[in-house]
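A structural walkthrough
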Amino acid sequence: MSKFQKKQANTKQQVPTAAMPDIIFMLLIFFMVVTVLREVELQVRVDFTRAENIEKIEQKRLVSYIYIGPEIMGGGQYGDTRVQIDDALVDDIYAIRRLMYDKLMEEPRLIVSLRVDQQSEMGIVSDVKQELREAGTLRINYSTLREDGAVPM
Amino acid sequence: MFLKKRAREVAEVPQAGMADIAFLLLIFFLVVTTIDVDTGIGMQLPPPPDPDQEPPPILERNLMNILVNAQGLILINEEPASLGQVQQLVMDFVDNENRAQDPNLSQSPRQAIVSIKTDRQTPYEIYINMLDEVIGSYRQLRNEAAQREFGITYREYSNRVSREDDIIREMYPRNISLAEPDPGS
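Read on for a plain summary of the structure. (Residues numbered from 1 in each chain as written. Chains lettered and ligands numbered in written order. Predicted model: local features only at pLDDT ≥ 70, side-chain atom pairs only at ≥ 80, totals over all residues. Heavy atoms only, no water.)

When helices and strands are counted, chain A shows 4 helices and 8 strands. The order of helices and strands in chain A, counted from the N terminus, is α-α-β-β-β-β-β-α-β-α-β-β. For chain A, the residues scored as buried account for 39% of the 153 residues in total. Contacts spanning at least 24 positions in sequence make up 70% of the contacts within chain A whose residues lie at least 6 apart. Working note: accessible area of chain A is about 9,800 Å², and carbon and sulfur atoms make up 52% of it. (Helix = DSSP H or I, 4+ residues; strand = E, 2+ residues; numbered from the N terminus. Buried < 20%, exposed > 50% of the residue type's maximum accessible area, 1.4 Å probe, protein only. Contact = heavy atoms within 4.5 Å. Areas by Shrake-Rupley, 256 points an atom, 1.4 Å probe, with all protein chains shown as cover.)

As structure tokens, this is what we get:
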């Protein structure tokens, strides 16, 4: 009996913690790489619509967003439907042409993601689409959420 | 005496706090990160129309006109339809060659064009639902073709071959025309 007790007393009870900072750093670097710190402040309301036959955008760095929806006036009030690109509302719809053309020159494989409020009317969406055609940014994506029961493509 | 003191100095930085600093940064990035995947319906817009060039002639039987008004009512080739019927109608139209061989529907899937036209007042949601149905019917057709030819789903097939070698995609190209909306009433 005393033999067993002696053996137990000899084992080390401590977990080695020397490598812990390395593990933490590895996780840290993973999250640093994954993080995209470029969120814009929305000035229009965008309630996504849902669809079944959707696809994922794999290369997030190629994506440029256009937001279309009713302007947020504060106090729960919404104004007219406006177009927002990056951080600013676009007053002149014909300015989209030049804005998007400049973006295309920077990134030739640009994908334009249209984030449109589900209540917006097709008229303004179509106007924006015509501007995109003129700018030459032809790859677009209608941003939608996944409908329940949808199968990935 | 001075020499003795100097020899005692230890030239090491304390490293016990390093893990804490790393933890702090880790937690910051954990909180900031949003791993949400962008999903949506991908489309390719046509280049702007050339005013000098006439649009190519299209046989009327190869064109399926879908009209959606502001109330979400649907007209397909002048006949009213419901959203639930759209998928079947589009499949019959596109794959007419292998199905009913109706002389009023498309000659071949490659020549078939589905045109979606809305009013300016049509809500975006209704338009997306419509587009979703049309894309769904193309997916169904491609799936059936992949099952027929290779015995696998189209998704598995497209993962195996490159985009250029994708013969199913070539068989059923997604010719969807998004017409400019009517001014409406």
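So much for the structure itself; the text now carries on.
Take the overall build of chain B next. Helix and strand content of chain B: 6 helices and 6 strands. For chain B, long-range pairs separated by at least 24 residues make up 65% of all intrachain contacts whose partners lie at least 6 apart in sequence. Approximately 12,000 Å² of chain B is accessible, and the part contributed by carbon and sulfur atoms is 53%.

In this section: the side chain of A:T144. Relative to the helices and strands, A:T144 is located in the loop between β7 (139-143) and β8 (145-146). Using a relative accessible area of 1% as the deciding quantity, one classes A:T144 as buried.

Across soluble globular proteins, nonpolar side chains show a tendency to be buried alongside one another. With 57 residues, the main nonpolar core has A:I66, A:Y142, B:I66 and B:V134 as its most contacted residues. With 11 residues, the top contributor of residues to this core is helix α4 (residues 124-150) of chain B. Not counting chain neighbours up to four residues away, the residues in contact with B:V134 comprise B:I66, B:V86, B:V90, B:V114, B:I116 and B:I176. Of all hydrophobic cores here, the second largest spans 9 residues; its members include A:Y65, A:Y67, A:L89 and A:I111. (Core = buried A, V, L, I, M, F, W, Y, C linked by side-chain atoms within 4.5 Å.)

Next up on the list: the sheet that holds strand β3 (residues 63-74) of chain A. Across the sheet, which stays open at both edges, the 7 strands sit in the order β2(A)-β1(B)-β7(A)-β6(A)-β3(A)-β4(A)-β5(A) with mixed pairing between neighbours. Looking at the sheet topology across the chains shown, the edges are occupied by β2 (55-56) and β5 (88-90) of chain A. As paired elements, β3(A) and strand β6 (residues 111-116) of chain A share 6 bridges and run parallel to each other. Counted as the bridge partner of A:Y67 is A:R115 from β6(A). Contacts from helix α3 (residues 95-106) of chain A reach β3, β4 (77-85), β5 and β6 of chain A within the one sheet, and its direction differs from that of β4(A) by about 45°. Across the sheet, α4(B) touches β6 and β7 of chain A together with β1 (39-44) of chain B, and the angle it forms with β1(B) is around 75°. (Pairing = 2+ DSSP bridges. Axes fitted to C-alpha atoms, helices over the stretch in contact; angles between N-to-C directions.)

Turning to the packing of aromatic side chains, a few remarks are in order. Within this structure, the stated rule accounts for 8 aromatic pairs over all chains. Between the NZ or CZ atom of A:R45 and the centre of the ring of A:Y78, over which it lies, the distance is 4.7 Å. (Phe/Tyr/Trp six-rings, centres within 6.5 Å; stacked < 30°, edge-to-face > 60°. Lys NZ or Arg CZ within 6 Å of the ring centre and 35° of its normal.)

On to the packing of helix α2 (residues 20-34) of chain A against helix α2 (residues 18-32) of chain B, then. It is at 9 Å that the axes of α2(A) and α2(B) come closest, and there the two elements cross at 25°. Relative to α2(B), the element α2(A) lies roughly parallel. As α2(A) runs across α2(B), the sense of the crossing is left-handed. For the pair α2(A) and α2(B), the contacting residues are A:P21, A:I24, A:F25, A:L27, A:L28, A:F31 and A:M32 in the first and B:M18, B:A19, B:A22, B:F23, B:L25, B:L26, B:F29 and B:L30 in the second. For the contact of α2(A) with α2(B), the per-class residue count stands at 15 nonpolar, no polar and no charged. (Parallel < 35°, antiparallel > 145°, perpendicular 65-115°, else oblique. Left-handed = near helix turned anticlockwise from the far one by under 90°. Nonpolar A, V, L, I, M, F, W, Y, C, P; charged D, E, K, R; others polar.)

Purely geometric numbers; function is a separate question.
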